[in-house]
Amino acid sequence: MKLNIAVLAGDGIGPEVIDQAVKVADAIATKFKHEINWKPALTGAAAIDAVGEPYPDETHEICVASDAVLFGAIGHPRFDNDPSAKVRPEQGLLKMRKKLGLFANVRPTFTFPSLLDKSPLKRERIEGTDLVFLRELTGGIYFGEKGRRDAGETAFDNCVYTRAEVTRLAKKGFELAMTRSKKLCCVDKANVLETSRLWRETVQAMEKDYPEVTVSYEFVDAVAMRLVQWPNSYDVLITENLFGDILTDEASVISGSMGLMPSASLGKSIGLFEPIHGSYPQATGLNIANPMATVLSAAMMFENFGLQQEGQAIRNAVNTALDKGIVTEDLADGGTAYGTKEVGDWLAANV
Ligand code: IPM
Ligand code: MN
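Just so it is clear, the model here is predicted, and its values are computed rather than measured. Every chain is numbered independently, its residues counted from 1 as its sequence is written. Each chain gets a letter, beginning with A, and each ligand a number, beginning with 1, in the order they are written. It should be noted that, the model being predicted, local features are given only for residues of pLDDT at least 70 and side-chain atom pairs only at 80 or more, the latter also being counted only at that level, while totals for whole chains, interfaces and linings use all residues. Note: side-chain values were computed over all heavy atoms of the structure, leaving out hydrogens and water.

Asker: Help me out: how do you make sense of the packing of aromatic side chains in this one?
Answerer: The way to describe two aromatic rings as a pair is by their centre distance and the angle between their planes. Here a pair means two rings of Phe, Tyr or Trp (six-membered ring of Trp) with centres within 6.5 Å. Their orientation is stacked below 30 degrees between planes, edge-to-face above 60, and tilted elsewhere. Applying the stated rule across the entire model yields 3 aromatic pairs. Sitting over a ring, as applied to charges here, requires NZ of Lys or CZ of Arg to be within 6 Å of the ring centre and within 35 degrees of the ring normal. One residue, Arg168, lies across the ring of Phe103, its end atom 4.3 Å from the ring centre.

Here's what the structure looks like:
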């Protein structure tokens, strides 16, 4: 297969972890006889510095001309404590999601046998956890009208959903559930929010099209609780943008390290693949960041092209590295810690 992949390394540790994923993907391409043409483009604070804009038009053109986007991380501390900043790296991310039509954010949470005791949760609670969040990514409170009134003394952020937006996300959820254990949980706050009632009504109406799927409806506050009590009782969960943002951070600690979880954002055409962790500015350039989440995001990218064996080869290499202790300091437990680049080299040599 010939693949054109846009590479948006972004800020902080983004470039370092992206380098490792590119290296591993290139090793896969050699092994399985694919040709990958990487197209680097600017985003985040790096793009603000270079051209004054976190998601420049030129970057967008490169993305739409590609088959997929591999994304690192964005965000820089100099914007975080400055509520008056006119441009922020995060705006680039939201603009990119919207312009590329990436409405479904796929965030899996699974455990690694060798890390079961690294999780802050007890082994018996998390063993067997293998769930996937489908977070709606281009609607809701993130994109509703926002502003100030009363001379700035009152602020508002509107949460808006259309039936069409809920339907297309829920359809992906039902389809994903059909390929897994046929269990779907719709997470909402239908006891309070009108948008949540629309979500529930829409999903309920779709149940008849997927008679094999068992659907449960749970309130977001209860899910937040059950997620740390019995994460292995969930399979596919669908939810709106802000609930999904919060719950997927919560879910990410189950595996024992945020540095391990990949994600995919899908829409009508191209997909974007990125680690769920952020830009970790304190670790920039220190060669200590865990590249595995980005490497596993590359695995999701191959799988999304239907290249299952390629994805599996990457997953196997990561599992072996974890078993053998070829890990960065976040997982080294006081033992030998490898550098970001060294873990990447090892994975590339062992896929
Ligand atoms: C995420 C991030 C973003 C979000 C931020 C950086 C805008 O937290 O991808 O989960 O809230 O969606
Ligand atoms: Mn988030």
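So, next bit.
Asker: Explanation requested: the environment of Ile62 in the structure shown.
Answerer: Secondary structure counts use DSSP, requiring at least four H or I residues in a row for a helix and at least two E residues in a row for a strand, with both numbered from the N terminus. Counting through the fold element by element, Ile62 comes out in helix α3 (residues 57-64). Taking the C-alpha atoms as reference points, Ile62 and Ile5, separated by 57 residues in sequence, lie 9.0 Å from one another. Only heavy atoms matter for contacts: two residues are in contact if any of them lie within 4.5 Å across the pair. The contacts of Ile62, once residues within four sequence positions are left out, are Ala6, Lys39, Pro40 and Ala41.

Asker: Any chance you could explain the site of ligand 1 here in plain terms?
Answerer: Near is defined per residue: the residue qualifies when any heavy atom it owns lies within 4 Å of the molecule or strand. The local shell around ligand 1 consists of Glu90, Leu93, Arg97, Arg107, Arg135, Tyr142 and Asp245. The definition of a polar contact used here is a pair of N or O atoms within 3.5 Å, where within protein one atom must be able to donate a hydrogen and the other to accept one, and adjacent residues in sequence count solely through side-chain atom pairs. Contacts to ligand 1 include Arg135, whose side-chain N or O atom sits 2.8 Å from an oxygen atom. Top element by residues in the shell around ligand 1 is helix α5 (residues 89-99). It accounts for 3 residues. Side-chain classes follow a simple rule in which Ala, Val, Leu, Ile, Met, Phe, Trp, Tyr, Cys and Pro form the nonpolar group, Asp, Glu, Lys and Arg form the charged group, and the remainder, Gly included, forms the polar group. Split into classes, the residues belonging to the shell around ligand 1 amount to 2 nonpolar, no polar and 5 charged. Throughout, the edges of the domains are those of an automatic or database domain assignment. Two domains each provide a minimum of three residues to the shell around ligand 1, namely domain 1 (1-108 + 257-351) and domain 2 (120-255).

Asker: I'm lost on the domain arrangement of the protein in this one. Help?
Answerer: For an interface, size is often stated in terms of accessible area lost upon the parts coming together. Taken domain by domain, the protein holds domain 1 (1-108 + 257-351) and domain 2 (120-255). A separation of 24 Å is found between the C-alpha centroids of domain 1 and domain 2. With 18 residues of domain 1 in contact, the opposing surface of domain 2 contributes 17 residues. The term buried area denotes the loss of accessible surface (1.4 Å probe radius) that occurs when two parts are joined, taken as the sum for both partners. Of all residues in domain 1, Phe103, Asn105 and Arg107 give up the largest surface area on contact with domain 2, accounting jointly for 38% of the area buried on that side.

Asker: I'm lost on the nonpolar core in this one. Help?
Answerer: A general trend in soluble globular proteins is that nonpolar side chains are found buried together. Of all hydrophobic cores here, the largest spans 72 residues; its most connected members are Phe112, Val203, Met292, Ile314, Val318, Leu322 and Leu347. Viewed by domain, this core spans two of them, domain 1 (1-108 + 257-351) and domain 2 (120-255), each represented by three or more residues. The contact partners of Leu347, leaving out residues within four places of it in the chain, are Val24, Met292, Val295, Ala317, Val318 and Ala321. What we call a nonpolar core is a set of buried Ala, Val, Leu, Ile, Met, Phe, Trp, Tyr and Cys residues that are connected through their side-chain atoms within 4.5 Å. When accessible area is computed with a 1.4 Å probe and restricted to protein chains, residues below 20% of their type maximum are described as buried, those above 50% as exposed, and intermediate ones as partly exposed. Within the second largest apolar cluster, 16 residues are counted, among which are Leu131, Cys185, Val187 and Leu227.

Asker: Mind showing me how you'd approach the pairing of strand β1 (residues 2-10) here?
Answerer: Regular strands have side chains that alternate between both faces of the sheet. Within β1, 7 of the 9 residues are buried, which leaves the element mostly enclosed by the surrounding structure. Pairing geometry for β1 and strand β2 (residues 35-40), over 6 bridges, is parallel. For Ala6, the partnering residue across the bridge sits in β2 and is Lys39. At least two DSSP bridges between two strands are needed for those strands to be called paired. Of the strand pairs in this sheet, β1 and strand β3 (residues 68-73) are connected by 5 bridges, and their pairing is parallel. By the bridge assignment, Leu8 is partnered in β3 with Phe71.

Asker: I would appreciate a short explanation of the pattern of salt bridges in the present structure.
Answerer: As a working rule, side chains carrying opposite charge can pair if their charged atoms are close by. The rule for a salt bridge is simple: a side-chain nitrogen of Lys or Arg has to be within 4 Å of a carboxyl oxygen of Asp or Glu. What the rule picks out here adds up to 21 salt bridges. With a shortest N-O distance of 2.9 Å, Arg197 and Glu194 are connected by a salt bridge. Residue Arg197 and its partner Glu194 are located together in helix α8 (residues 194-206), separated by 3 residues, close to a single helical turn. Take Arg197: its relative accessible area is 35%, and that puts it in the partly exposed class. We classify Glu194 as exposed; its relative accessible area is 56%. Between Lys208 and Asp209 there is a salt bridge, and its shortest N-O distance comes to 3.9 Å. The exposure class of Lys208 is exposed, given its relative accessible area of 65%.

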